[in-house]
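Next come the chains, spelled out residue by residue.
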Amino acid sequence: PVSAGFLRRCNQILSSAQRDLGHSLDVTLSGIVVALAHEQQGDAMDVRMNFDERPFIAIWETTQACDLACVHCRACAQPARNPLELSTAEAKRLIDEIAAMQVPVFVLTGGDPLKRPDIFELVQYASDHKVRISLTPSATPLLTRENIVRLQQCGLARLAVSLDGPTAEIHDAFRRVPGSYEWTI
């Protein structure tokens, strides 16, 4: 069930969008999605967010390393991490910048972010700095229940995996790794 407070915030977002024609429907719906996320976590949300001042979402491809070879991959996935990737200290500075901008959604993706040995430290750091952190790992043997629980304990707000077809045959062909369907399910 949705609370009356959530409905009031949605109405405020929609009213604000009607007054300011610069807001697109996508931004308005994004605002409602963020309001719902805050509602579920019991947080307050500033519905007067100005997307000219800061982005709604920031996505960081944390690594090119991944054990899959997906058809759509933008990250040019490879088995090992690239030595030019951000160090832990550099990653924390990036998180500090995201925190300073008060970006509502910060997504860590890749490649596979679980290929970074510091991923738990980075999620904890982001959470400690009031950054709502999300993760889109690859569904591989690295995505264990233990790692999911550990990420949650570090403050992860959201985790998403992709299911690319209704059968193992379709999904695995898209991910180009046999067994990836079962890891996803």
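Reading guide: rules and limits
Residues numbered from 1 in each chain as written. Predicted model: local features only at pLDDT ≥ 70, side-chain atom pairs only at ≥ 80, totals over all residues. Heavy atoms only, no water. 1 Å grid on protein atoms, 1.4 Å probe; cavity = no way out; pocket = protein on both sides within 12 Å on 5 of 7 lines; lining within 4 Å. Points joined across faces, edges and corners; volume = space filled by probe spheres on them. Helix = DSSP H or I, 4+ residues; strand = E, 2+ residues; numbered from the N terminus. Nonpolar A, V, L, I, M, F, W, Y, C, P; charged D, E, K, R; others polar. Buried < 20%, exposed > 50% of the residue type's maximum accessible area, 1.4 Å probe, protein only. Pairing = 2+ DSSP bridges. Right-handed = clockwise from strand over helix to strand, strands pointing away.

### Comments concerning the layout of surface pockets
Next, step 1: Here the second largest pocket is characterised by a volume of approximately 370 Å³.
Next, step 2: Considering the residues around the second largest pocket, the lining is formed by 23 residues, among which H72, T109, T136, S162 and R175 are closest to the centre.
Next, step 3: Sorting the residues of the lining of the second largest pocket by element identifies α6 (168-175) and α7 (180-184) as the ones contributing at least two each.
Next, step 4: Broken down by class, the residue content of the lining of the second largest pocket amounts to eleven nonpolar, ten polar and two charged.

### Topic: the pairing of strand β2 (residues 105-109)
A regular strand places its side chains on the two faces of the sheet in alternate fashion.
Next, step 1: With five of five residues buried, β2 lies mostly within the body of the structure.
Next, step 2: Residue alternation in β2 divides its side chains into two sets, V105, V107 and T109 and F106 and L108, and both sets are buried.
Next, step 3: Pairing of strand β1 (residues 57-61) with β2 involves five bridges; the strand directions are parallel. Within β2, the position partnered with I57 by the bridge is V105.
Next, step 4: Note that β2 and strand β3 (residues 133-135) share three bridges and pair parallel. Each bridged residue has a counterpart across the sheet, and for F106 the counterpart in β3 is I133.
Next, step 5: Since β2 and β3 lie parallel, the crossover through helix α4 (residues 119-128) that links them has a hand, and here it is right-handed.

### Quick word on the side chain of S134
Next, step 1: Residue placement: S134 occurs in strand β3.
Next, step 2: Among the residues examined, S134 registers a relative accessible area of 10% and is labelled buried.

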